[in-house]
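# Observations on the model geometry
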Amino acid sequence: MKCNLFLSTVAVLALSSAAANAETLRLLTWGGYAPDEVIAMFEAETGHTVEVTKSNNEEMIAKLRATNGSGFDLAQPSQDRIAGPQAEFGIYKPLDMSQIDTSLFIPSMLEATKGNTMIGEDVFAVPHVWGTDGLVLNTAMVTDVKDYTDLCNASVAGKVSYRLKRPTLIGFAFSMGLDPFAAYGDEAAYQGILDQVEAKLVECKANVKTYWDGGDELKNLMRSGEIVAAMAWDTGGWQLNDDNADITFVAPTSGALGWIDTFALPARGRADEAAYAWINFVMQPDIAAMITASAGNFTASQGGDANVDDALKAKYQASFPQEAIDNIKWYPSVPAGLETLEGATLDRINAAK
Amino acid sequence: MATDRSKLAFWLLLAPCLIWLVTLIILPHVGMFLVSLREKVGVREYETSFANYAVFLNEPLYWNTFARTAYMSIAATVLTLFIGFPISYYIAKLTRGRTKTTLFLMCLIPFWVSELVRTFGWMILLRETGVFSNVLQYLGLAAGPVEMLYNDAAIMTGLVYTSMLFMVVPLVTALDSLDDSLIEAGYDLGASGFAILREIIIPHAMPGIVSGCIVVFMLSLGNYLTPILLGGKDSLWFTGLIYSQFITRFNWELGSAFGFLLLGLSSFIVFVGLKLTGQSLGKTMAQS
């Protein structure tokens, strides 16, 4: 009896001390990046709890800006969208690199992300998931689309869709033989490029069925055959490939656009310990493979692609021969202010008849 | 003493309404107005000016969208009135008891699901591979798939459908209070059906018509989902512009200015509407 009492007291004490260290991690991320089984494993191992909010790049920045960087403990914006908003709104805090197990990361990707998100001496992000923007084509019905500008061909009139967002501007610019990334530092030159792209996209508008907004909308349009060619993410193409073998992702000849989604700490997050624990937990190769299975994209985890299922690997290799990988244009950091110019351009394209 | 008490009771009863008005309506608007007066001159540098309003005036694109949203909303309101009036008249005057309740309920049922679901329903019906297109092909009325989604007519359909209830309810209430004997008297005196409608029914229902129109117009003007989901590549809506300024362009200053312009526009159109119909807001609200 006494022994029992003693044991249960110990148990209660142990529980309460675990509760004292446990934090709630409010994660601001993308769909598929925090699958339920990974959250369950993390909660069981560390005692922290995880609350997931799904979002996208613009909403993440808007949400954090509205609260001056509070309300979330870990965010996953793309690496090119960190330095600009940070300079403008101060919504993130620097990472303490000693808390992160850097041996879990693919070194080249880690260095590239650190370099792109550095302000002064401070690093603001480490990489997590990467992928590309390119062309999703119904190969049974489309033969002459090799690059973004081919979406304006008469052969696919009325059966094309793309987003009215900045990746489309950048993609078309490269496809037209321009180099928008080189003009990032020079607003006048960048405006010149935007003007040319605007003219092209206005001219191309007759070809577009509708501008797609969410991934599911695109998949519906593609599946039903209402559109046959689109500018979209690689994952979208690979998922559609499961339903219809004719549909697949193709890297455009001017180069797919490579993005990396990262981990960044919101300026006024309260659960840094849990945030670092989450980063180190999900970057383990076997967990990273689970996230790849759920999100459809590969991660920056060293060895994380080893356990990924063969079907996805095969699709990846079919879409990306070595020269296409070498040709990927990685988004450099967007300087503050450029997005205002792009916004005005996108509005004008939207309004053009 | 007694007056003190009743004063206290008055303020206590008023308090929830005041708190709601001040904290949720007035304060955010004051904040938004201040934001709309900030002009961005550099990274984290702002100056007070009317530059954001000037942007609106100097860019025809914003003007056109503004005007388009206004006339589309007015068209939606008129259309809703024309469709809603016969329905309301039928419910209020030509049915009794259970039929009346059933018909009224049928107007209400679509509102048991959210606006998003209703809009997706329209997308399933109207799209190229959707229900209408397939039925037309099956009946041999169309040779190939017909695209009915992604145009202004689709937006109009969605807007009218979404706001029908808000027109029918005030109209039924107004028509219910019309004494049937007045209509009979009109017939006895030899008036035609049209004359009765013009001389008796419409004047009596005017407060209901005006309040229904105000609500439907406001709902259409401030609608975001329907124009975005049903509209096509050319279908700009002013609320969509405000959303994109706030969320995708991080330009809160311009977004706030747009918000205020929309507030001004809707108030102005309602004011003009009231003046044209010779109604006053107080009269409308008291009678309906």
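Residues numbered from 1 in each chain as written. Chains lettered and ligands numbered in written order. Predicted model: local features only at pLDDT ≥ 70, side-chain atom pairs only at ≥ 80, totals over all residues.

## Focus on the overall build of chain A
In plain terms, the rule: Think of it this way: any DSSP run of H or I at least four residues long counts as a helix, any run of E at least two long counts as a strand, and we number them from the N terminus. The reference for a compact globule is 2.2 Å times residues^0.38; the radius of gyration itself is calculated from the C-alpha atoms. By the criterion used throughout, residues are in contact when their C-beta atoms, derived from the backbone, lie within 7 Å.
Per the secondary structure count, chain A includes 14 helices and 14 strands. Against the globule reference of 20 Å for 353 residues, chain A gives a C-alpha radius of gyration of 22 Å, in line with a compact fold. In terms of overall dimensions, chain A has a C-alpha envelope of 85 × 45 × 35 Å along the principal axes. Sequence-distant contacts in chain A: of pairs separated by 6 or more residues, those separated by 24 or more amount to 75%.

## Comments concerning the overall build of chain B
In plain terms, the rule: Using C-beta atoms placed from the backbone, we call a residue buried if 20 or more other C-beta atoms fall within 10 Å of its own, exposed if 12 or fewer do, and partly exposed for counts in between.
Along chain B, the regular secondary structure elements total 13 helices and 2 strands. Overall, chain B is about 80 × 75 × 35 Å in size when its C-alpha atoms are taken along their principal axes. Taking all 288 residues of chain B together, the buried fraction comes to 28%. Long-range pairs, those at least 24 residues apart, make up 71% of the contacts in chain B with a sequence separation of at least 6.

## Quick word on the interface of chain B and chain A
Quoted interface sizes are often the accessible area lost when the parts come together. Rules: Residues are grouped as follows: Ala, Val, Leu, Ile, Met, Phe, Trp, Tyr, Cys and Pro are nonpolar; Asp, Glu, Lys and Arg are charged; every other residue, Gly included, is polar.
Taken together, the contact between chain B and chain A spans 19 residues of the former and 23 residues of the latter. Elements with a minimum of two residues in the side of chain B that touches chain A: helix 3 (60–94) and helix 11 (238–248) of chain B. Residue composition of the side of chain B that touches chain A, grouped by class: 7 nonpolar, 6 polar and 6 charged.

## Topic: the UniProt feature "domain: ABC transmembrane type-1" (unreviewed entry) in chain B
Just so we agree on the cut-off: UniProt positions are given in the numbering used here, feature names are shortened, and annotations may be inferred rather than shown by experiment.
Those places that UniProt annotates as "domain: ABC transmembrane type-1" (unreviewed entry) correspond, in this numbering, to residues 66–273 of chain B. From the first C-alpha to the last, residues 66–273 of chain B spans 18 Å; its make-up is 78% helix and 0% strand.

## Overview of the nonpolar core
Test applied: Nonpolar core, as used here: buried Ala, Val, Leu, Ile, Met, Phe, Trp, Tyr and Cys residues forming one set through C-beta atoms within 7 Å. Where each domain begins and ends follows an automated or database-derived domain assignment.
The biggest cluster of nonpolar side chains holds 93 residues, and the ones touching the most others in it are A:Leu74, A:Val136, A:Leu151, A:Ala229 and A:Ala230. Taken domain by domain, the makeup of this core includes at least three residues from each of domain 1 (23–130 + 259–322) and domain 2 (132–258 + 329–351) of chain A. Residue contacts for A:Ala229: discarding those within four places in its chain leaves A:Leu135, A:Leu137, A:Val142, A:Val145, A:Leu151, A:Val156, A:Lys159 and A:Val160. The next biggest cluster of nonpolar side chains, apart from the first, holds 21 residues, and it includes B:Ile91, B:Met167, B:Ile209 and B:Leu221.

## Brief notes about the UniProt feature "transmembrane region" (unreviewed entry) in chain B
Residue and element names in this part refer to chain B. Under the UniProt annotation, "transmembrane region" (unreviewed entry) lies at residues 12–35, 70–91, 103–125, 153–175, 208–230 and 250–274. For residues 12–35, helix accounts for 100% and strand for 0%, while the C-alpha atoms at its two ends are 33 Å apart. Regarding residues 70–91, the helix share stands at 100% and the strand share at 0%, and the terminal C-alpha atoms are separated by 31 Å.

## Some points on the pairing of strand 7 (residues 126–138) of chain A
All names here are of chain A. Let me state the cut-off plainly: The criterion for strand pairing is that DSSP finds at least two bridges linking the strands in question.
Burial analysis of strand 7 places 13 of its 13 residues in the buried class, which makes it a mostly covered element. Across 7 bridges, strand 7 lies against strand 11 (residues 257–263) in antiparallel orientation. Paired with Pro127 across the two strands is Thr262, which belongs to strand 11. Relative to strand 13 (residues 298–299), strand 7 runs antiparallel, the two being bridged by 2 bridges. By the bridge assignment for strand 13, Val129 is matched with Thr299. Note that strand 7 and strand 10 (residues 247–250) share 4 bridges and pair antiparallel. Within the sheet, the bridge partner assigned to Leu135 lies in strand 10 and is Val250.

## What to know about the sheet that holds strand 1 (residues 24–29) of chain A
Residue and element names in this part refer to chain A. Pairing is parallel in the open sheet, where 3 strands are placed in the order 2-1-3. Because the sheet does not close on itself, it has two edges, and the strands there are strand 2 (49–54) and strand 3 (74–75). Both strand 1 and strand 2 contribute to a ladder of 6 bridges, which runs parallel. Bridging across to strand 2, Thr29 finds its partner in Lys54.

## Quick word on the environment of A:Thr24
Residue and element names in this part refer to chain A. As for its position among the elements, Thr24 is in strand 1. A residue is classified by how many C-beta atoms lie within 10 Å of it, and Thr24, with 13 of them, is partly exposed. Sequence spacing of Thr24 and Leu74 is 50 residues, and the spatial spacing of their C-alpha atoms is 11 Å. Every residue in contact with Thr24, bar those within four places of it in the chain, is listed here: Thr49, Glu51 and Ala271.

## A closer look at the domain arrangement of chain A
Residues and elements named next belong to chain A. Here chain A is described as being made up of domain 1 (23–130 + 259–322) and domain 2 (132–258 + 329–351). Residue-level contacts link 16 residues of domain 1 with 17 residues of domain 2. Only helix 4 (83–89) and helix 12 (310–319) provide two or more residues apiece to the side of domain 1 that touches domain 2. Of all the elements, helix 4 adds the most residues to the side of domain 1 that touches domain 2, at 4 residues. Of the residues belonging to the side of domain 1 that touches domain 2, the class tally is 7 nonpolar, 5 polar and 4 charged.

## Digging into the packing of helix 3 (residues 57–66) of chain A against helix 11 of chain B
Convention followed: Orientation is described by lines fitted to C-alpha atoms, with helices fitted over the stretch in contact, and by angles between N-to-C directions that extend from 0 to 180 degrees. Any angle that is under 35 degrees is reported as roughly parallel, and any over 145 degrees as roughly antiparallel; angles of 65 to 115 degrees are reported as roughly perpendicular and all others as oblique.
Packing of helix 3 of chain A against helix 11 of chain B brings their axes to within 8 Å, and their N-to-C directions diverge by 75°. If you check the angle between helix 3 of chain A and helix 11 of chain B, you find them roughly perpendicular. Contact residues: A:Glu58, A:Glu59 and A:Ala62 in helix 3 of chain A; B:Phe246, B:Ile247 and B:Thr248 in helix 11 of chain B. Taken together, the residues that form the contact of helix 3 of chain A with helix 11 of chain B break down as 3 nonpolar, 1 polar and 2 charged.

## Details of the confidence of the model for chain A
When pLDDT drops low, the exact placement of atoms in the prediction is not to be read closely. Test applied: Known as pLDDT, the predictor's per-residue confidence is scaled from 0 to 100.
Across chain A, the average pLDDT comes to 89, with 94% of residues at or above 70. In the predicted structure, residues 9–20 of chain A sits below a pLDDT of 50 and forms 1 contact with residues beyond four places in sequence or in another chain.

## Focus: the environment of A:Thr262
Residues and elements named next belong to chain A. Inspection of the secondary structure puts Thr262 in strand 11. Between the C-alpha atoms of Thr262 and Thr49, which are 213 residues apart in sequence, the distance is 21 Å. If sequence neighbours within four positions are ignored, Thr262 has contacts with Gln76, Pro77, Ser78, Gln79, Ile82, Thr113, Thr117, Ala125, Val126, Pro127 and His128.

## Points about unusual backbone geometry
Negative phi values dominate among residues other than glycine, just as trans dominates among peptide bonds. Even without being a glycine, A:Asn68 presents a positive backbone phi close to 55°. Structurally, A:Asn68 is set in the loop between helix 3 and strand 3. Look at B:Tyr150: it is not a glycine, yet its phi comes out positive at around 65°. Its location among the elements puts B:Tyr150 in the loop between helix 6 (131–138) and helix 7 (152–176).

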